[in-house]
Amino acid sequence: MAIRKILTEPNKILREKSLRVENMSKDIQKLMDDMLETLYAAPGIGLAAIQVGVAKRVIVMDINRGRDKDKEPKKNPMYFVNPEITWKSEDQFTYEEGCLSVPNQFAEIERPKQCQVKHLDYNGNPQELKADGLLATCIQHEIDHLEGILFIDYLSKLKKEMIIKKLSKQKKENMERIVV
Ligand code: ZN
């Protein structure tokens, strides 16, 4: 397993639409292993392949990780290949979202509270899962990545531009530091 570099906004690759996985292979499993290690190291609760520069419809998640910051939570990795939302509730749920590709920025986003998702698991077996609350939010956030959508796209134009400006400035400063 290896930790991969997480791309951050602004970056055109994050806006690409990811392609379906046609064959489950060892390479896809290796990608998922690397993504999970990258997720735990970050740390975060969800990661889409496009965030490490791979335009494939692959997501890893572990929502246990965010729960109790003092204790080392039990690992509960989840793998989603070619995920598709088949149902969304009318009930909405608001959560203060963040994203490993939008570092240090958080905003309240409203999404359907429950959803049902069809996907392949780590071994390529078809699964269907009903998710609620944080799990549903996280799945919807990650599936957005596969379409090139970031949570800041749901904010007002002004707020979104402010965040992108801040991130561009941070990136420039980091680059200068490396050059010096
Ligand atoms: Zn994200």
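Residues numbered from 1 in each chain as written. Predicted model: local features only at pLDDT ≥ 70, side-chain atom pairs only at ≥ 80, totals over all residues. Heavy atoms only, no water.

## Some thoughts on the pattern of salt bridges
Now for step 1: Within the structure shown, the criterion is met by 12 salt bridges.
Now for step 2: When the shortest N-O distance is used, the salt bridge between Arg15 and Glu9 registers 3.4 Å.
Now for step 3: For Glu9, a relative accessible area of 5% puts it in the buried group.
Now for step 4: Among the salt bridges present, the one from Asp153 reaches Arg15, with a minimum N-O distance of 2.7 Å. In this pair, Asp153 sits in the loop between helix H2 (134-146) and helix H3 (157-179) while Arg15 sits in the segment before helix H1 (26-41), placing the two residues 138 residues apart along the sequence.
Now for step 5: Taking the relative accessible area as the measure of exposure, Arg15 reaches 31% and is therefore partly exposed. (Salt bridge = Lys/Arg side-chain N within 4 Å of Asp/Glu carboxyl O. Buried < 20%, exposed > 50% of the residue type's maximum accessible area, 1.4 Å probe, protein only. Helix = DSSP H or I, 4+ residues; strand = E, 2+ residues; numbered from the N terminus.)

## Some words on the coordination of the zinc ion
Now for step 1: Binding of the zinc ion to the protein goes through Cys99 (SG), His141 (NE2) and His145 (NE2), at separations of 2.1 to 2.3 Å.
Now for step 2: Here the donor residues of the zinc ion share one chain and are spaced in sequence as C-x41-H-x3-H. Here the residue Cys99 occupies a position in strand E4 (residues 92-99), and His141 occupies one in helix H2, the gap between them amounting to 42 residues. Note on accessibility: Cys99 and His141 belong to one class, buried. (Donors = N, O, S within 2.8 Å, 3.2 Å for Na, K, Ca; no water.)

## Some thoughts on the sheet that holds strand E2 (residues 58-61)
Now for step 1: With antiparallel pairing, the 5 strands of this open sheet are ordered in space as E1-E2-E3-E6-E7. Of all the strands in the sheet, just strand E1 (46-48) and strand E7 (126-132) have a single pairing partner and so form its edges. Shown here is a sheet whose adjacent strand axes are inclined to one another by a mean of 40 degrees, direction ignored.
Now for step 2: Across 7 bridges, strand E6 (residues 114-120) lies against E7 in antiparallel orientation. By the bridge assignment for E7, Leu120 is matched with Pro126. (Pairing = 2+ DSSP bridges. Axes fitted to C-alpha atoms, helices over the stretch in contact; angles between N-to-C directions.)

## Comments concerning H1
Side chains of residues three or four places apart in an α-helix project in the same direction, reflecting 3.6 residues per turn.
Now for step 1: Relative to the 22 Å expected for 16 residues at 1.5 Å per residue, H1 spans 22 Å between its end C-alpha atoms, a close match to the ideal helical length.
Now for step 2: Along H1, the residues that are buried comprise Ile28, Gln29, Leu31, Met32, Asp34, Met35, Leu36, Thr38, Leu39 and Tyr40.
Now for step 3: Among the structural elements, E1, E2 and strand E3 (78-88) are those in contact with the buried residues of H1. (Expected span 1.5 Å × (residues − 1). Contact = heavy atoms within 4.5 Å.)

## Notes on the nonpolar core
Now for step 1: Ranked by internal contacts, the top residues of the largest apolar core, which has 17 residues, are Met32, Met35, Leu47, Val58 and Val60.
Now for step 2: Secondary-structure elements contributing two or more residues to this core are H1, E2 and E3.
Now for step 3: In terms of residue count, H1 provides more of this core than any other element does, 7 residues in total.
Now for step 4: Once you skip the residues sitting within four places of it in the chain, Val58 turns out to touch Val21, Ile28, Leu31, Met32, Met35, Leu47, Ala48, Ala49, Phe80, Val81 and Leu146.
Now for step 5: Judged by nonpolar contacts, the second largest core, of 16 residues, contains Ile59, Ile63, Leu135 and Ile139. (Core = buried A, V, L, I, M, F, W, Y, C linked by side-chain atoms within 4.5 Å.)

Note that every value here comes from positions in space, so none of it alone points to a role or purpose.
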